[in-house]
Amino acid sequence: MFKYIALDFDGTLLGVDHKISDRSVAVLKKLQEKGIVVILCSGRNVTQMDFVAAKIGTEKYETFIISDNGGVVTEVKDGKRTVLRNAKFRDNELAEILKLVHRRTKVISAFNDGKRYLAKFYLFEMLRAYFRFKERSIIGLPNQASKILLIDTREKIEKVYEETKNDILNEFPHLNVFRSVPTLIEVTPEGSTKGQGLELVFEKQGWDLKDLIVFGDGENDISMFEVAGRSVAMANGFDTVKACSDEVCLANSEDGVAKYLEQYYESIL
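Here is a short report on the structure shown in this document. For every chain, the first residue of its written sequence is number 1, and the numbers climb from 1 along that sequence. For this predicted model, a pLDDT threshold of at least 70 governs which residues receive local features, and a threshold of 80 or more governs which side-chain atom pairs are given and counted, while totals over whole chains, interfaces and linings are taken from all residues. In computing side-chain values, all of the structure's heavy atoms are included and hydrogens and water are not.

What follows covers the side chain of T193. In this fold, T193 is placed in the loop between β11 (184–188) and α7 (194–205). The buried label goes to any residue with under 20% of its type's maximum accessible area, the exposed label to any with over 50%, and the partly exposed label to all in between, with areas taken from a 1.4 Å probe on protein chains only. Classification of T193 by relative accessible area gives buried; the value is 15%. Setting aside residues no more than four positions away along its own chain, T193 makes contact with N69, G70, N176 and S223. The helix count covers DSSP runs of H or I at least four residues long, the strand count covers runs of E at least two residues long, and both are numbered beginning at the N terminus. Two residues form a contact once any of their heavy atoms are found within 4.5 Å.

With glycine set apart, most residues show a phi of negative sign, and most peptide bonds adopt trans. Backbone geometry at D68 places phi at a positive 50 degrees, although glycine is not the residue there. With respect to the helices, strands and loops of the structure, D68 is situated in the loop between β3 (63–67) and β4 (72–77). Using a relative accessible area of 4% as the deciding quantity, one classes D68 as buried. Phi at D255 is positive, roughly 60 degrees, even though this residue is not glycine. Tracing the sequence through the fold places D255 in the loop between β14 (247–249) and α10 (256–264).

Next up on the list: the side chain of S192. With respect to the element layout, S192 can be found in the loop between β11 and α7. S192 sits in the buried class, given a relative accessible area of 0%. Not counting chain neighbours up to four residues away, the residues in contact with S192 comprise D68, N69, G70, G71, A87 and N176.

Structure follows, in structure tokens:
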């Protein structure tokens, strides 16, 4: 039986409305009560993950929250939080990357310490960020950043993704470029992957990654699949992600994670 569970957010644990279902809340609470460690693992920043942490009672247990695609790793212990990693782009990388991708998409956003910056934007994106995440966007660029998002329609992202990825990696081969959802491209610093975040946690705790089961749908989840004992892709995930997984479960719109966990952990629930 797997002792540890790592869960992606959008497209995986969250439904199409970007909310966690009552069914998922109930099963995750019960599993934690039985001693199973639940690790929340997302491309979102940690403040955007807190609504799920609060609902499943994360603060009552010793666990970790992996945010910004592994760039930020936060330990939760005795009701307190300690940041173990906070990866940033190197000096001048942020400005150089933005010059390289400036004309690729309608929106270019950067994140730093939980704050959202818009280097290129239109009003709808500012409103979307506010109503979905309660974020007030800052116009301009930060001095440092832990993540860059290139945002546009699904069709536009599909059209520019490969060329954009190749151009960035040709200049900066140590960075990470991937699609977490169909409408955006993410760029993260060296060492900033979910898999590396999990490796940091498991090494610190002396836990065995073979005892970890992970769930995801986006290309940023593949690094988790590569280190875990078992990987489960969502039916709604990218084909590239499903090809890398051990199993495929029902889609997020069908509460696929909750139904899988209910069946797998039936003997202790």
